[in-house]
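Inside the fold
What follows is the residue order along each chain.
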Amino acid sequence: AADAGGIELAVAAMQAHPQHAGVQQFGCCAMGNVCYGSDVAARARRQRAVITGAPEAVAGAMQAHPGDAAVQRHGQRLRDLFA
């Protein structure tokens, strides 16, 4: 998924549809799945996500949807991965 541009597509979708909670939730979920892991490849995918603007997209999603538990849960998972 990452090699096919999945990270970039998820960030672009989140940026294009900031008020759509579903897009934000599933964008965070998809990136979380792609970026998860402790091997060299996973660290490279996380770095790619950071360069692509994922942390900003996640922060925007969490700010735009403070009452949406799924957005908050998936967003926090990504924040933890990026920390």
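Below: a short report on this structure. (Residues numbered from 1 in each chain as written. Predicted model: local features only at pLDDT ≥ 70, side-chain atom pairs only at ≥ 80, totals over all residues. Heavy atoms only, no water.)

Applying the stated criterion across every chain, the model contains 1 salt bridge. A salt bridge links Arg 48 to Glu 8, with the shortest nitrogen-to-oxygen separation between them at 2.8 Å. You can see Arg 48 sitting in helix H3 (residues 40-52) and its partner Glu 8 sitting in helix H1 (residues 6-16), a full 40 residues away along the chain. (Salt bridge = Lys/Arg side-chain N within 4 Å of Asp/Glu carboxyl O. Helix = DSSP H or I, 4+ residues; strand = E, 2+ residues; numbered from the N terminus.)

Core analysis: the largest hydrophobic core is formed by 17 residues, its most contacted members being Ile 7, Met 14, Met 31, Val 58 and Leu 78. Of all the secondary-structure elements, those providing two or more residues to this core are H1, helix H2 (21-35), helix H4 (54-64) and helix H5 (69-82). Residue contributions to this core peak at 5 residues, all from H4. (Core = buried A, V, L, I, M, F, W, Y, C linked by side-chain atoms within 4.5 Å. Buried < 20%, exposed > 50% of the residue type's maximum accessible area, 1.4 Å probe, protein only.)

Moving on to the state of the cysteines. Considering all chains together, one arrives at 0 disulfides under this definition. Sulfur of Cys 28: no disulfide; nearest cysteine sulfur belongs to Cys 29 and is 8.7 Å away. What makes Cys 28 buried here is its relative accessible area of 1%. Of all cysteine sulfurs, the one in Cys 28 lies closest to Cys 35, which takes part in no disulfide; the gap is 11 Å. (Disulfide = S-S within 2.5 Å.)

This part takes up the side chain of Arg 46. Tracing the backbone through its elements, the reader meets Arg 46 in helix H3. Here Arg 46 is in contact with Cys 35, Tyr 36, Gly 37, Leu 81 and Phe 82, once residues within four sequence places are set aside. (Contact = heavy atoms within 4.5 Å.)

Moving on to the packing of H4 against H5. Helix-helix packing: each pair is described by the crossing angle between the helix axes and the interaxial distance. The N-to-C vectors of H4 and H5 enclose an angle of 150 degrees; their axes lie 9 Å apart at closest approach. In terms of orientation, H4 lies roughly antiparallel with respect to H5. As H4 packs across H5, the resulting crossing turns out to be left-handed. Judged by residue contacts, Ala 54, Pro 55, Val 58, Ala 59, Ala 61 and Met 62 of H4 engage Val 71, Gln 72, Gly 75, Gln 76, Leu 78, Arg 79 and Phe 82 from H5. For the contact of H4 with H5, a count of residues per class yields 9 nonpolar, 3 polar and 1 charged. (Axes fitted to C-alpha atoms, helices over the stretch in contact; angles between N-to-C directions. Parallel < 35°, antiparallel > 145°, perpendicular 65-115°, else oblique. Left-handed = near helix turned anticlockwise from the far one by under 90°. Nonpolar A, V, L, I, M, F, W, Y, C, P; charged D, E, K, R; others polar.)

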